[in-house]
Amino acid sequence: MKDLRTRYGEWAVVTGASSGIGEVFARKLARARMNLILVARRSELLSELRQQLSSEYQIQIRCLQLDLSQDGCLKPLIDLCRDLDVGLVVNNAGSGIPGPFSSSNIQLEKAFIQLNCVTPVEITHHFLQGMLAKKKGGIILVSSLMGFQGVPFMANYSATKGYLLNFGESLFHECRGTGVDILVLAPGATETPGKYLHKVDYSKLPITWMTADVVVDTAMRNLGRRAFVIPGLINHLTACFSGGLWSRGLVQGVMKKLARLALPGAVSSGIPSADSRANTSA
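To start, this report covers the structure provided alongside it.

**Comments concerning the pairing of strand β1 (residues 11–15)**
For step 1, the next point in the chain: Where burial is concerned, most of β1 is hidden: 5 out of the 5 residues are buried.
For step 2, the next point in the chain: Covered by surrounding structure in β1 are Trp11, Val13 and Thr15 together with Ala12 and Val14, the residues of both alternating faces.
For step 3, the next point in the chain: For the crossover from β1 across helix α2 (residues 20–31) to strand β2 (residues 35–40), the handedness is right-handed.
For step 4, the next point in the chain: Pairing analysis gives 4 bridges linking β1 to strand β4 (residues 86–91), with the strands arranged parallel. When the sheet's bridge partners are listed, alanine 12 is paired in β4 with leucine 88.

This is the structure:
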């Protein structure tokens, strides 16, 4: 990644940068000597990260405490970047709560649609115009392995991640030959703090966990080479299987059975607390 500044420019935006995959993106881009705009809700974690990275790599960093699930959240980001030439954007912020959709908090579900779909689209639309004008730039959209099929008891989350997958894949082909690289990153189960926010018995699930470092390295290697990337061979094969039209009903049945095993809320009318929010990566 040492040529990122030459390839894209001096400044990169990373949303959901306070932990997990977003934090790892920030660290690796800092190592490549890119200046950073870090966006997240938790200002304390952002401040700690800013201090570490600016001290270690002598780069410029601007932090923005912002709830990207709120309508109108784009304006503070635009204002912060007004005097900067942003060349790379990582749309990483995202969330979801497992449980039956029928008993979920509908206002929270709508906020997840804003966070997972509307805000990344607005951010992409804003920065893409400038990138196309200068014929240089890169945009990464963090989707999920769940975006390749509907997932019972994660209905809204899998739907929003499917939207990002289709949106990014379309933009990749729109932008081919323009100098602007688009990539959809679709990780499977990833070791991040969000893993522990909900009552999920992962021992009941056939999951192979990946580190956020491997996920981010896979994304950076493939930016500019393909429309989407799925880190890990098993995850790639899973997506190939679950995305087939002939297998969709079978996959949905398997996912429903696994959810009933792992999620307490899947066998009752309740769901995990609506107050808890995950920066999920799977």
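**Concerning the environment of glycine 162**
For step 1, the next point in the chain: Tracing the sequence through the fold places glycine 162 in helix α6 (residues 155–175).
For step 2, the next point in the chain: Taking relative accessible area as the criterion, glycine 162 reaches 10% and is therefore assigned buried.
For step 3, the next point in the chain: The sequence separation of glycine 162 and serine 143 amounts to 19 residues, and the corresponding C-alpha distance is 7.2 Å.

**Quick look at the pattern of salt bridges**
For step 1, the next point in the chain: All chains considered together, the criterion is met by 9 salt bridges.
For step 2, the next point in the chain: Put simply, arginine 82 and aspartate 79 hold a salt bridge, and the shortest N to O gap is 2.5 Å.
For step 3, the next point in the chain: The class for arginine 82 is exposed, based on a relative accessible area of 59%.
For step 4, the next point in the chain: Several salt bridges converge on common partners, so that one network encompasses Lys28, Asp213 and Asp217.

**Here's the deal with helix α5 (residues 106–134)**
For step 1, the next point in the chain: With 29 residues, α5 extends 41 Å from end C-alpha to end C-alpha; this agrees with the ideal 42 Å at 1.5 Å per step.
For step 2, the next point in the chain: Where α5 begins, the capping side chain belongs to asparagine 105, and its oxygen is found 2.9 Å from the backbone nitrogen of glutamine 107.
For step 3, the next point in the chain: Immediately beyond the C-terminal end of α5, within one or two residues, lies lysine 135, with a positive phi of roughly 60°.

**Structural notes on the sheet that holds β1**
For step 1, the next point in the chain: One open sheet accounts for 7 strands, arranged β3-β2-β1-β4-β5-β6-β9; its pairing is parallel. The open sheet has two edge strands, β3 (61–65) and β9 (228–229), and neither has a second partner.
For step 2, the next point in the chain: Pairing of strand β5 (residues 137–142) with strand β6 (residues 180–185) involves 6 bridges; the strand directions are parallel. Residue pairing in the sheet places isoleucine 139 in a bridge with isoleucine 182 of β6.
For step 3, the next point in the chain: Here helix α3 (residues 43–57) sits on the sheet in contact with β2 and β3, set at roughly 175° to β3.

Reading the values: rules and limits
Residues numbered from 1 in each chain as written. Predicted model: local features only at pLDDT ≥ 70, side-chain atom pairs only at ≥ 80, totals over all residues. Heavy atoms only, no water. Buried < 20%, exposed > 50% of the residue type's maximum accessible area, 1.4 Å probe, protein only. Helix = DSSP H or I, 4+ residues; strand = E, 2+ residues; numbered from the N terminus. Right-handed = clockwise from strand over helix to strand, strands pointing away. Pairing = 2+ DSSP bridges. Salt bridge = Lys/Arg side-chain N within 4 Å of Asp/Glu carboxyl O. Expected span 1.5 Å × (residues − 1). Polar contact = N/O pair within 3.5 Å; in protein donor to acceptor, adjacent residues only side chain to side chain. Contact = heavy atoms within 4.5 Å. Axes fitted to C-alpha atoms, helices over the stretch in contact; angles between N-to-C directions.

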